[in-house]
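# Commentary on secondary and tertiary structure
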Amino acid sequence: MRTDTFLIFQRQTRIRLRNPVWVFFGLTQPILYLVLFGPLLKNVSGGGLGGPNAWRVFVPGLLLQLAIFTAGFSGFGIIQELREGVIERQRVTPASRTSLILGRTLSDMVTLAVQSTVLVLVALPFGLRASWQGVLSSLALICLLALGISSASYAMGLILKDEDSFAPFIQGVTLPLLLLSGVLLPMSLAPAWLRHTSQVNPLTYVVDASRALFRGDFSDQHVWIGAVVTLALGVLLAYVGSRTFQRQSA
Amino acid sequence: MADDLIEARGLTRAFRTKTGPVEAVKGIDLVVTRGEIVGLLGPNGAGKTTTLRMLTTLLRPSAGTATVAGHDLIRQPREVRRRIGYVAQVGSAPSPGTLVGSELVTQARLQGLSRTQARERLAELAPALDLGGLEGRALLELSGGQRRRFDVALGLMHSPALLFLDEPTTGLDPQSRANLWTHVRALRDAGMTIVLTTHYLEEADALADRVLVMDGGQIVADDTPDALKARISGDVVTLGLPEPGARRQAEAVVREAISVRDVVNTDGALLVTVDEGALAVAPLLRALDAAGLSPTSITVSRPTLDDVFLTLTGRTLRDEEAAA
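Please read these numbers as outputs of a predicted model, since none were measured by experiment. (Residues numbered from 1 in each chain as written. Chains lettered and ligands numbered in written order. Predicted model: local features only at pLDDT ≥ 70, side-chain atom pairs only at ≥ 80, totals over all residues.)

### Comments concerning the overall build of chain B
Counting secondary structure elements, chain B contains 12 helices and 14 strands. Dimensions of chain B, computed from C-alpha atoms along their principal axes, come out at roughly 75 × 45 × 40 Å. Within chain B, buried positions represent 41% of all 324 residues. Considering only intrachain contacts with a sequence separation of at least 6, the fraction spanning at least 24 residues in chain B is 68%. (Helix = DSSP H or I, 4+ residues; strand = E, 2+ residues; numbered from the N terminus. Buried ≥ 20, exposed ≤ 12 C-beta atoms within 10 Å, placed from the backbone. Contact = placed C-beta atoms within 7 Å.)

Now the structure itself:
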C-alpha cells in the first residue's frame, strides 16, 4: 500500500509540476487579500487588531482560507479524471483503494504546504512578526485539515460526477464555514449570537489555535483544543473520503 | 475447466432508476476459452459494457457467480485484477501534463511491476503498438489512433492472460480502425485471450472467433460469425435479367434445377436465396444455359451480421449506429 500511495502521489505531483497554473491561481486570492485588505486592519481597534500585531491575526485566517479553497476544490480534478478514464484504469489494478485516494490527498497537501509557505513569506515584508515555531506548528495543523478536506472533496466529486453541481456545492459549504470561523476578523468582535453560532463550527477552533501559535503562545488552551479538533476532523473526513471511494468502486 | 478463462453463471446487474429498478444484464451465462477472441455485439444499452464492467471487477454483480482468470470474481477481485487487462471506452481529453511513457510506467507499477520491469516492458511494448519514440509526448498531442493504441498499451503493460476491450475503435477513422484491428489480431496470434464489445458489425466479423449477440440485457445468440450468418439466412445469388419475360421463365427454371429457400423477382434481377451460394452457381448456370437464358450479371453475397441482428431482434443495428 505504501508503494501504491507513493506512485499515485508521484503521478499527481508530476502532473501538477508540469502544469503549475493552478498552484499560482490558488495563491492569487489570499495574496490579494493580503495586499488590498490587510493594510486596512492596522487602523481597526479591538479584538487584538490594530497596530503591527494585526498581521498575526490576519495571516492565520488567510492560511485557513487558502487551505479550504485549495483542498475543497480538489474534487474538480477527480471529476476530470473520471471522464478521462484514469480512475477506472487505476481501479482495475490490484492497488489498494485507500492508496488511490491517499496518494492524491498527500499531493494536494504538499501543494498547500508550498503555497502556505509562500503566503507567510510574502506577509513578512508587510510587517508580520510571529514565532517561527508557532508558524510551523500552525502549518502542520492546516496541512492535516487539508488532508481531510481534500479527501472529502474527492468523495463529493465521485458522488456528484459533474462540475456544474460540484462547484455550487463546494461554494455553498465553504463560504459560510469560512465566514463563521472568523477568518477575516476575529470572532471576539462579533455580537453574541454570531459568536455562539461560530462555536459549533470546527474551523473556528483551528483558526483560534493558529492565531495563538502565531503569537508563540503555546500554553494557550486554544492551541490544544484546536489541535484535537483538527486531528479529529482531518481523520474523520479522510476516513469518510476513502470509504466513499471504496464503495463507489465496489 | 482449466482452459476456461471466464466462466460466468447467471450474471445479473440491476440499477436503481427514477422509474424503479432496471436490469441492465439479466442472468447471462458465459464461457470464454483460452486463446479465443469473443465479441459482444449489440446496440447501445444492450448490456455489453455493464457485462464487461462486472467481469473486470469494476461493478459488483447483483446476482450470479463468475470465475475470471482462475479466480472468483466476488471473493478474490485483487487476484482477478492482477491477471486481466482492461481498456475502457475512449475517455475525454487527457489532462495537460500527462506523458505517454510516465503514464504507462505508473500503470505497470500499480499492477505490481518493479521500476526496472516497467521500463523494460515499455521498451518492448511501445514499438509493438507503433508508439515507439512517443514516450515523451504529451497525451494531449496524440492523434485519435495513437491515443487508442496508448489505451491498449495501458491494459497490456503487466502482460495479462486476458484482455477486455470496450468499443476499441469507436470514433476512429477507417484507417486507424483497420490499423487497430491489425494489432488486435497480432495479440491473438501471440496467444492472448480477448473479450471485446462493439456495435460495429464489420468489427465483430473481422476480429471475433465467436460472437455473442446481446439485446436487452440477454445473450440472444452465441456462435462463430459464419455459423451465425449461415443459421439465420442463406446466401443470395443475384441474377441480372433486365427482361421481365426472361425473369419469369428463369424463376421456373431455377426452382426446377436446385433447392432454393426463396426466389424474389425484383426490378431487373432475380434474387435467389440458397443454403450455400458457391455450390448453387454452377448448376444454376447450366440449367439457365440449357433453357437459352443468359444473365447479364451474376453475384453471390453472404448475409452480413446486420441481417443476423435484424433476424434475431427485429431491429437493424445500422439505425443504432447512426444514432450513436
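After that view of the structure, there is still more to cover.
### Considering the overall build of chain A
Along chain A, the regular secondary structure elements total 11 helices and zero strands. The order of helices and strands in chain A, counted from the N terminus, is α-α-α-α-α-α-α-α-α-α-α. What you see for chain A is a C-alpha radius of gyration of 18 Å, in line with the 18 Å of a compact globule of 250 residues. The C-alpha extent of chain A, read off along each of the three principal axes, is 60 × 35 × 35 Å. (Rg over C-alpha atoms; globule rule 2.2 N^0.38 Å.)

### Structural notes on the sheet that holds strand 10 (residues 218-223) of chain B
Residue and element names in this part refer to chain B. With respect to topology, six strands assemble into an open sheet ordered 6-7-8-3-9-10, the strand pairing being mixed. Bordering the open sheet on either side are strand 6 (84-87) and strand 10, each of which pairs with just one other strand. Across the sheet, the axes of successive neighbouring strands diverge by a mean angle of 15°, strand direction being ignored. In terms of strand pairing, strand 3 (residues 37-41) meets strand 8 (residues 193-198) through five bridges, oriented parallel. Opposite Val-38, over in strand 8, you have Val-195 as the bridge partner. (Pairing = 2+ DSSP bridges. Axes fitted to C-alpha atoms, helices over the stretch in contact; angles between N-to-C directions.)

### Thoughts on the sheet that holds strand 14 (residues 297-301) of chain B
Residue and element names in this part refer to chain B. Spatially, four strands are ordered 12-13-11-14 in an open sheet, and the strand pairing comes out antiparallel. In this open sheet, the two edge strands, each paired with only one partner strand, are strand 12 (262-266) and strand 14. When strand polarity is set aside, the average angle formed by the axes of neighbouring strands in this sheet is 15°. Across five bridges, strand 11 (residues 235-240) lies against strand 14 in antiparallel orientation. Within strand 14, the residue paired with Thr-238 across the bridge is Thr-299. In this fold helix 9 (residues 244-257) packs onto strand 11, strand 12 and strand 13 (269-274), with an angle of close to 175° to the strand it touches most, strand 12.

### Structural notes on the confidence of the model for chain B
Averaged over chain B, the pLDDT score is 88; the fraction of residues at 70 or greater is 95%. Among the scores for the predicted complex, ipTM is 0.87 and pTM is 0.84. (pLDDT = per-residue confidence, 0-100.)

### Remarks on the domain arrangement of chain B
As far as domains go, chain B holds domain 1 (4-230) and domain 2 (234-302). The gap between the C-alpha centroids of domain 1 of chain B and domain 2 of chain B is 44 Å. (Domains from an automatic or database assignment.)

### With respect to the nonpolar core
Counting residues in each nonpolar core, the largest one holds 70 residues, and the members touching the most others are Ala-153, Phe-164 and Ile-194 of chain B. Residues within four places of Phe-164 of chain B in sequence aside, it is in contact with Leu-52, Leu-55, Thr-56, Ile-84, Gly-85, Tyr-86, Val-87 and Val-195 of chain B. In terms of nonpolar packing, the next biggest core, distinct from the first, is built from 64 residues, Val-86, Val-120, Ala-123 and Met-156 of chain A among them. (Core = buried A, V, L, I, M, F, W, Y, C linked by C-beta atoms within 7 Å.)

### Some remarks on the pairing of strand 13 of chain B
Residues and elements named next belong to chain B. Across the two faces of strand 13 the burial differs, with Leu-270, Val-272 and Val-274 buried and Ala-269, Leu-271 and Thr-273 not buried at all. Looking at chain direction, strand 11 and strand 13 are connected through six bridges and run antiparallel. Paired with Thr-238 across the bridge in strand 13 is Leu-271. Two elements, strand 12 and strand 13, share five bridges in a ladder whose sense is antiparallel. In the sheet register, Asp-262 faces strand 13, and the bridge partner there is Thr-273. Taking the residues between adjacent antiparallel strands as the criterion, strand 12 and strand 13 are bridged by two residues, where Gly-268 takes a positive phi near 85°.

### A closer look at the environment of Pro-168 of chain B
Residues and elements named next belong to chain B. Inspection of the secondary structure puts Pro-168 in the loop between strand 7 (162-166) and helix 6 (174-189). Put simply, Pro-168 and Asp-3 are 165 residues apart on the chain and 25 Å apart in space, counted from C-alpha to C-alpha. Those residues in contact with Pro-168, other than ones at most four positions away along the chain, are Val-87, Arg-148, Leu-180, Val-184 and Leu-196.

### Focus on unusual backbone geometry
Residues and elements named next belong to chain B. Positive phi is not limited to glycine here, since Thr-57 has a value of about 70°. On the secondary structure map, Thr-57 appears in the loop between helix 1 (48-55) and strand 4 (63-68). Located in the positive-phi region is Ser-159, a residue other than glycine, with phi close to 50°. By the secondary structure assignment, Ser-159 is in the loop between helix 5 (144-156) and strand 7. Note on Ser-159: 14 C-beta atoms within 10 Å, which makes it partly exposed.

### Thoughts on the interface of chain A and chain B
Listed by partner, the interface residues are 20 residues for chain A and 24 residues for chain B. At the level of elements, helix 1 (2-18), helix 4 (75-84) and helix 5 (86-91) of chain A are the ones that each hand at least two residues to the side of chain A that touches chain B. With six residues, the single largest contributor to the side of chain A that touches chain B is helix 1 of chain A. Partitioning the side of chain A that touches chain B into residue classes produces six nonpolar, five polar and nine charged. (Nonpolar A, V, L, I, M, F, W, Y, C, P; charged D, E, K, R; others polar.)

### Regarding the environment of Thr-111 of chain A
All names here are of chain A. Locating Thr-111 in the fold gives a position in helix 6 (residues 97-123). Spatially, the C-alpha atom of Thr-111 lies 10.0 Å from that of Ala-67, the residues being 44 residues apart in sequence. Beyond its immediate stretch of four places on either side in the chain, Thr-111 contacts Arg-16, Val-23 and Thr-70.

### Quick look at the packing of helix 7 (residues 132-160) of chain A against helix 11 (residues 221-248) of chain A
For any two helices packed against each other, the geometry comes down to the angle between their axes and how far apart the axes lie. Residues and elements named next belong to chain A. Running from amino to carboxyl end, helix 7 crosses helix 11 at an angle of 25°, the nearest separation of the two axes being 8 Å. Between helix 7 and helix 11, the angle is such that the two are roughly parallel. Between helix 7 and helix 11 the crossing geometry is left-handed. Here the contact of helix 7 with helix 11 is composed, by residue class, of 19 nonpolar, nine polar and no charged. (Parallel < 35°, antiparallel > 145°, perpendicular 65-115°, else oblique. Left-handed = near helix turned anticlockwise from the far one by under 90°.)

### Things to note about the pairing of strand 10 of chain B
Residues and elements named next belong to chain B. Relative to strand 10, strand 9 (residues 210-215) runs antiparallel, the two sharing five bridges. Paired with Asp-215 across the two strands is Gln-218, which belongs to strand 10. Hairpin connection between strand 9 and strand 10: a loop of two residues separates the two successive antiparallel strands, and Gly-216 in this loop has a positive phi of roughly 55°.

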